[in-house]
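Per-entry structural report
Here are the chains, one letter per residue:
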Amino acid sequence: MKIVLTGSLGHISKPLAANLIQNGHEVTVISSNPERKKDIEALGAEAAIGTFEDTGFLIETFTGADVVYTMVSAKSYFDHDFDLLAYYEQLGRNYSEAVRQSGVKRVVNLSSIGAHLAVGNGILSGAHRVEQLLDALPGDISITHIRPVSFFYNLYGYVPMIQSTGTISVNYGAEKMIPWVSPLDIAEAVADEIEAIFGGRKVRYVASEELTGHETARILGQAIRKPGLEWVLVSPEESLSDLLAAGMNKEIAAGLVEMYGALYTGLLSEDYIQNRPPVMGKVKLADFAKEFAAAFDQK
């Protein structure tokens, strides 16, 4: 098949591209960074250099593809002029228009846990909006929304906190379950959906392991030689204060706190629990903890 991937050579798109190329597909990888061109081509893919804000570029790149993989690439949460939800809205509209005008009939969209909610999910209301925009496309376009859970690599953000306080102090987790996922397991699930014979609309959750905050801290603590590492539950107000003190965009910080609060209460994961993947991913936190320890030692 001819497959177009967004996400450049990120945590998911790079292993996804390698998987699809190994299986004999023709893969085009979109990147906004011209310096990525040689790395994309080294994988055996074609590079399409342009921006997601350029709908004309997307239409041209999508045209002729059998399947398109869409995702909203990360931006800095510390840019105080950045409107995250407007960014989601813009990319959702651009992807929708590009799919419509290019004639693509199959889309695999990277969404998120919590995207079933219009409100109460913090920054994930952006993922909900993208799903809505794509689902408004004509019914003959098949769409799979991949909803991964909490990424293992988000734990890197707690390295400075662990080093300064000896704890992970946030407004979720503790004795409550956190569903975790590895980007490698997401890439495998996306490849499965791209290669599947499917018509219609569906949602697929992807998870690698379910652990409480305390279990998460224990595994990380053992890896970094801090067996007493504690996961401490703090109030939303304290969590917000910590994020703002670190210099985060205040709207995004508030959205993160609301999102994590919804995870703690169970609101965020209610649909996930009802639609758990029948098989968990291969990569476990103990595997990721080795990488986490290496990063921790370098700080």
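As a starting point, this report considers the structure included with it.

**Some details on the sheet that holds strand β11 (residues 209–212)**
An order of β7-β9-β11 is seen for the three strands of this open sheet, with the pairing classed as mixed. At either end of the open sheet lies a strand with only one pairing partner, and these are β7 (150–151) and β11. Bridge count for strand β9 (residues 177–181) against β11 is four bridges, and the pairing is antiparallel. Paired with Ile 178 across the strands is Leu 211, a residue of β11.

**A look at the pattern of salt bridges**
Evaluation of the coordinates by the stated rule reveals 13 salt bridges. With a shortest N-O distance of 2.9 Å, Glu 89 and Arg 129 are connected by a salt bridge. Taken as a pair, Glu 89 in helix α4 (residues 84–102) and Arg 129 in helix α5 (residues 125–135) lie far apart in primary sequence, 40 residues in all. Between Asp 140 and Lys 105 there is a salt bridge, with the nearest N and O atoms lying 2.8 Å from each other. Pair noted here: Asp 140 is in the loop between α5 and β6 (142–148) and Lys 105 is in the loop between α4 and β5 (106–110), with a separation of 35 residues, a long-range link. By relative accessible area, Asp 140 is classed as partly exposed at 48%. One network of salt bridges, with partners in common, ties together Asp 192, Glu 193, Lys 202 and Arg 204.

**Section: the packing of aromatic side chains**
One pass over the full model with this rule turns up 13 aromatic pairs. Both rings, one in Phe 151 and one in Tyr 153, keep their centres 5.2 Å apart while their planes meet at 80°; by these two values the pair is edge-to-face. Judged by centre distance (6.3 Å) and plane angle (75°), the ring pair of Tyr 158 and Trp 231 falls under edge-to-face. Here the residue Tyr 158 occupies a position in the loop between β7 and α6 (159–165), and Trp 231 occupies one in strand β12 (residues 230–233), the gap between them amounting to 73 residues. The class for Tyr 158 is buried, based on a relative accessible area of 11%. Through a chain of ring-to-ring contacts, the aromatic side chains of Phe 152, Tyr 156, Trp 180, Phe 288, Phe 292 and Phe 296 assemble into a single cluster. Geometry around Tyr 264 places Lys 176 over its ring, the cationic atom sitting 4.1 Å from the centre.

**Looking at empty space enclosed by the protein**
Using the criterion set out here, one finds one cavity of 30 Å³ or more in the structure. Here the largest cavity is characterised by a volume of approximately 30 Å³. Forming the boundary of the largest cavity are Arg 106, Val 107, Val 108, Ser 142, Ile 143, Thr 144 and Phe 198. Elements supplying a minimum of two residues to the lining of the largest cavity: β5 and β6.

**Considering the layout of surface pockets**
Which parts of space are left empty comes out when a probe the size of a water molecule is rolled across the atoms. Put simply, the second largest pocket is a space of about 270 Å³. Lining the second largest pocket are 17 residues, with Ala 189, Arg 204, Pro 277, Val 279 and Met 280 positioned closest to its centre. Those elements giving two or more residues to the lining of the second largest pocket turn out to be α7 (183–195) and β10 (201–206). Tallied by class, the residues present in the lining of the second largest pocket amount to nine nonpolar, two polar and six charged.

**Things to note about the environment of Val 232**
Locating Val 232 in the fold gives a position in strand β12. Given a relative accessible area of 27%, Val 232 falls into the partly exposed group. Counting along the chain gives 60 residues from Val 232 to Tyr 172, while the straight-line C-alpha distance between them is 8.8 Å. Residues in contact with Val 232, not counting those within four places in the same chain, are Thr 167, Ile 168, Ser 169 and Val 170.

**Details of the pairing of strand β3 (residues 46–49)**
Consecutive side chains of a regular strand alternate in pointing toward one face of the sheet and then the other. Sheet analysis places strand β2 (residues 26–31) next to β3, joined by four bridges and oriented parallel. Across the sheet, the residue bridging to Val 29 is Ala 47, located in β3. Crossover connection from β2 via helix α2 (residues 37–43) to parallel β3: handedness right-handed.

**Description of the nonpolar core**
Phe 62, Leu 155, Tyr 172, Trp 231 and Phe 292 are the most contacted members of the largest nonpolar core, which has 65 residues in total. Apart from the residues within four sequence positions on either side, Phe 62 is in contact with Val 4, Ile 30, Val 68, Tyr 95, Ala 98, Val 99, Ser 102 and Val 104. Ranked by size, the runner-up nonpolar core spans 33 residues in total, among them Ile 12, Ile 146, Val 149 and Val 190.

**Quick notes on the packing of helix α1 (residues 13–22) against α7**
Axis separation between α1 and α7 bottoms out at 8 Å; the angle between their running directions is 40°. If you check the angle between α1 and α7, you find them oblique. Crossing angle aside, the handedness with which α1 passes α7 is right-handed. For the pair formed by α1 and α7, the contact residues are Pro 15, Leu 16, Asn 19 and Leu 20 on the first element and Leu 184, Ala 187, Val 190, Ala 191, Ile 194 and Glu 195 on the second.

Cut-off values and rules
- Residues numbered from 1 in each chain as written.
- Predicted model: local features only at pLDDT ≥ 70, side-chain atom pairs only at ≥ 80, totals over all residues.
- Heavy atoms only, no water.
- Pairing = 2+ DSSP bridges.
- Helix = DSSP H or I, 4+ residues; strand = E, 2+ residues; numbered from the N terminus.
- Salt bridge = Lys/Arg side-chain N within 4 Å of Asp/Glu carboxyl O.
- Buried < 20%, exposed > 50% of the residue type's maximum accessible area, 1.4 Å probe, protein only.
- Phe/Tyr/Trp six-rings, centres within 6.5 Å; stacked < 30°, edge-to-face > 60°.
- Lys NZ or Arg CZ within 6 Å of the ring centre and 35° of its normal.
- 1 Å grid on protein atoms, 1.4 Å probe; cavity = no way out; pocket = protein on both sides within 12 Å on 5 of 7 lines; lining within 4 Å.
- Points joined across faces, edges and corners; volume = space filled by probe spheres on them.
- Nonpolar A, V, L, I, M, F, W, Y, C, P; charged D, E, K, R; others polar.
- Contact = heavy atoms within 4.5 Å.
- Right-handed = clockwise from strand over helix to strand, strands pointing away.
- Core = buried A, V, L, I, M, F, W, Y, C linked by side-chain atoms within 4.5 Å.
- Axes fitted to C-alpha atoms, helices over the stretch in contact; angles between N-to-C directions.
- Parallel < 35°, antiparallel > 145°, perpendicular 65-115°, else oblique.
- Left-handed = near helix turned anticlockwise from the far one by under 90°.

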